[in-house]
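Working through the structure, step by step
This is what each chain is made of:
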Amino acid sequence: GNSVTQMEGPVTLSEEAFLTINCTYTATGYPSLFWYVQYPGEGLQLLLKATKADDKGSNKGFEATYRKETTSFHLEKGSVQVSDSAVYFCALNTNRDDKIIFGKGTRLHILP
Amino acid sequence: DTEVTQTPKHLVMGMTNKKSLKCEQHMGHRAMYWYKQKAKKPPELMFVYSYEKLSINESVPSRFSPECPNSSLLNLHLHALQPEDSALYLCASSQETAGPGLAVYEQYFGPGTRLTVT
């Protein structure tokens, strides 16, 4: 079945450090891929998405590229801020049904 | 406007109470969803409505009863809940539901209702 695996957290970085959160997936067909972010005490916000191979999603300085050959969708940011502290979920959805498959989430702490 | 609103923000209820959660969107979306999220876990799908009709029920206990009165509103009626039902309940909407031969649309989430069952 479909699944998403992302790196375990928590991840702790200093402000202005480079961020990578790894995400790999298993899916039949051609899934759309997403990164959602959840700030403390809030719901999920769509951070970025990619719908086909080699697409790059980007938003708020975050980027992720849909790599079909490695079945990956790693999240990167060149210089993180304290305000980026949150839980990040990698997710996929296919047009086979309408169920988002979420990874377990990666908690990110940014130190000033 | 890409906003999904949910009320109330917090809810405390006893095991014999009846309460309802409300969700609203004005994006013209025709698919709406209820999720349950326990602490430090990803959201778990409960129900999907497509064009105001229930299309997916993920084997949710009958003490949770969804209702979609119109295309903008989604309710979740709660009755005789258990303490283990305490969680963050998230509503989401998308332009359409996905399906064979159809596009996949992103889901927009509300801020959630934090439910505590005592």
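Procedures and definitions
Residues numbered from 1 in each chain as written. Chains lettered and ligands numbered in written order. Predicted model: local features only at pLDDT ≥ 70, side-chain atom pairs only at ≥ 80, totals over all residues. Heavy atoms only, no water. Helix = DSSP H or I, 4+ residues; strand = E, 2+ residues; numbered from the N terminus. Polar contact = N/O pair within 3.5 Å; in protein donor to acceptor, adjacent residues only side chain to side chain. Contact = heavy atoms within 4.5 Å. Buried < 20%, exposed > 50% of the residue type's maximum accessible area, 1.4 Å probe, protein only. Pairing = 2+ DSSP bridges. Buried area = accessible area lost by both parts, 1.4 Å probe. Salt bridge = Lys/Arg side-chain N within 4 Å of Asp/Glu carboxyl O. 1 Å grid on protein atoms, 1.4 Å probe; cavity = no way out; pocket = protein on both sides within 12 Å on 5 of 7 lines; lining within 4 Å. Points joined across faces, edges and corners; volume = space filled by probe spheres on them. Nonpolar A, V, L, I, M, F, W, Y, C, P; charged D, E, K, R; others polar.

As a further point, take the side chain of Glu106(B). Turning to its location among the elements, Glu106(B) is positioned in the loop between strand 9 (87-94) and strand 10 (108-109). Separated by 2.7 Å, the side chains of Glu106(B) and Lys49(A) make a polar contact. The residues touching Glu106(B), leaving out its near neighbours within four places in the chain, are Phe34(A), Tyr36(A), Leu46(A), Lys49(A), Ser93(B) and Ser94(B).

Residue and element names in this part refer to chain B. Side-chain alternation along strand 2 (residues 10-13) places Leu11 and Met13 on a buried face and His10 and Val12 on a face that remains uncovered. Pairing between strand 2 and strand 11 (residues 113-117): 4 bridges, direction parallel. When the sheet's bridge partners are listed, Met13 is paired in strand 11 with Val117.

Take the interface of chain A and chain B next. Counting residues at the interface gives 23 residues for chain A and 27 residues for chain B. Overall, the association of chain A and chain B removes approximately 1800 Å² of surface from exposure, summing both partners, and the carbon and sulfur fraction of that is 56%. Counting across the interface, chain A meets chain B through 2 salt bridges. Residue Glu58(B) pairs with Lys99(A) through a salt bridge whose shortest N-O separation is 2.9 Å. For the side of chain A that touches chain B, the secondary structure elements donating two or more residues are strand 5 (32-38), strand 6 (44-50) and strand 10 (86-93) of chain A. Looking at the side of chain A that touches chain B, the element that brings in the most residues is strand 5 of chain A, giving 4 residues.

Turning next to empty space enclosed by the protein. Residue and element names in this part refer to chain B. Overall, the coordinates contain 1 cavity of 30 Å³ or more when judged by the stated rule. Empty space within the largest cavity amounts to approximately 40 Å³. Around the largest cavity, the lining residues are His29, Arg30, Ala31, Met32, Tyr49, Ser50, Tyr51, Glu52, Cys68, Asn70 and Ser71. Contributing elements (two or more residues each) for the lining of the largest cavity: strand 4 (31-37), strand 5 (44-50) and strand 7 (64-70). Here the lining of the largest cavity is built from residues that sort into 5 nonpolar, 4 polar and 2 charged.

From the geometry alone we can't say anything about function, so treat these as descriptive.
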